[in-house]
Amino acid sequence: MDQPGPGPVASRAGRARTHAKGAASGMMRDMPMWKPHALAKPHAGQIDLRLRDRVESTVDLPGVPAGTAGQVVLANGFNWLRYRVLFANGEEIGDLDHRHLRPVGRAAKRIRKAESRA
């Protein structure tokens, strides 16, 4: 007697579709850029790497000999820029910075170009 009919299911699905469409079109806005903190000053020699930038280790790290190629998988920090890198030998190490890494390829070219402009 009391069997669920297609009415309520169809109307729920219809509302869900309408809501999802509205959320995708009008609800997503650009995030505002944060103003750096007044005391946030970059450390000397800091490098500005991005996700997927190619790097090379400059020192021996646990499980990673110096000169091993890698790719930045996480860029983090406001005052101390640090990176998580997946190296070619399968090791993934975090909290690396300019003391441990050297940019190579396009990343090195981009950083040289930015330094020449400054």
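Whatever comes next refers back to the structure up there.
Computed from a predicted model, the values in this text were never measured in an experiment.

Quick notes on the rules
- Residues numbered from 1 in each chain as written.
- Predicted model: local features only at pLDDT ≥ 70, side-chain atom pairs only at ≥ 80, totals over all residues.
- Heavy atoms only, no water.
- Helix = DSSP H or I, 4+ residues; strand = E, 2+ residues; numbered from the N terminus.
- Buried < 20%, exposed > 50% of the residue type's maximum accessible area, 1.4 Å probe, protein only.
- Contact = heavy atoms within 4.5 Å.
- Areas by Shrake-Rupley, 256 points an atom, 1.4 Å probe, with all protein chains shown as cover.
- Pairing = 2+ DSSP bridges.
- Axes fitted to C-alpha atoms, helices over the stretch in contact; angles between N-to-C directions.
- Salt bridge = Lys/Arg side-chain N within 4 Å of Asp/Glu carboxyl O.

Take the overall build of the protein chain next. In terms of helices and strands, the protein chain carries two helices and five strands. Reading the protein chain from its N terminus to its C terminus gives the helix and strand order α-β-β-β-β-β-α. A total of 118 residues make up the protein chain; the buried ones form 20% of that total. Residue pairs at least 24 apart in sequence account for 45% of intrachain contacts in the protein chain once pairs closer than 6 positions are excluded. About 9,400 Å² of surface is accessible on the protein chain, with carbon and sulfur atoms providing 58% of the total.

Here A114 is to be found in helix α2 (residues 106-117). Residue A114 is classed as partly exposed on the basis of its relative accessible area of 38%. Along the chain, A114 and D48 lie 66 residues apart, while their C-alpha atoms are 9.8 Å from each other.

What follows covers the sheet that holds strand β5 (residues 101-103). On the basis of which strands lie adjacent, the open sheet formed by five strands has the order β4-β3-β2-β1-β5 and antiparallel pairing. Looking at the sheet topology across the chains shown, the edges are occupied by β4 (92-96) and β5. Averaged over all pairs of adjacent strands, the angle between strand axes in this sheet comes to 40 degrees, irrespective of strand direction. As paired strands, strand β1 (residues 54-57) and β5 are joined by three bridges and run antiparallel to one another. Opposite S57, over in β5, you have L101 as the bridge partner.

Turning our eyes to something else, we now look at the pattern of salt bridges. A full pass over the atoms with the stated rule returns five salt bridges. Residues R102 and E56 are paired through a salt bridge, measuring 2.4 Å at the closest nitrogen-oxygen approach. One end of the pair, R102, is in strand β5; the other, E56, is in strand β1, and 46 residues separate them in sequence. With its nearest N and O atoms 2.7 Å apart, the salt bridge here joins R84 to E92.

Moving on, we come to the environment of P42. Among the structural elements, P42 can be located in the loop between α1 (6-27) and β1. Along the sequence, P42 and L81 sit 39 residues apart, while their C-alpha atoms lie 8.0 Å from each other.

With that settled, the discussion passes to unusual backbone geometry. We note that R52 has phi near 70 degrees; this positive angle belongs to a residue other than glycine. With respect to the helices and strands, the residue R52 is situated in the loop between α1 and β1. Phi angles above zero are rare outside glycine, and D95 is one such case at about 60 degrees.

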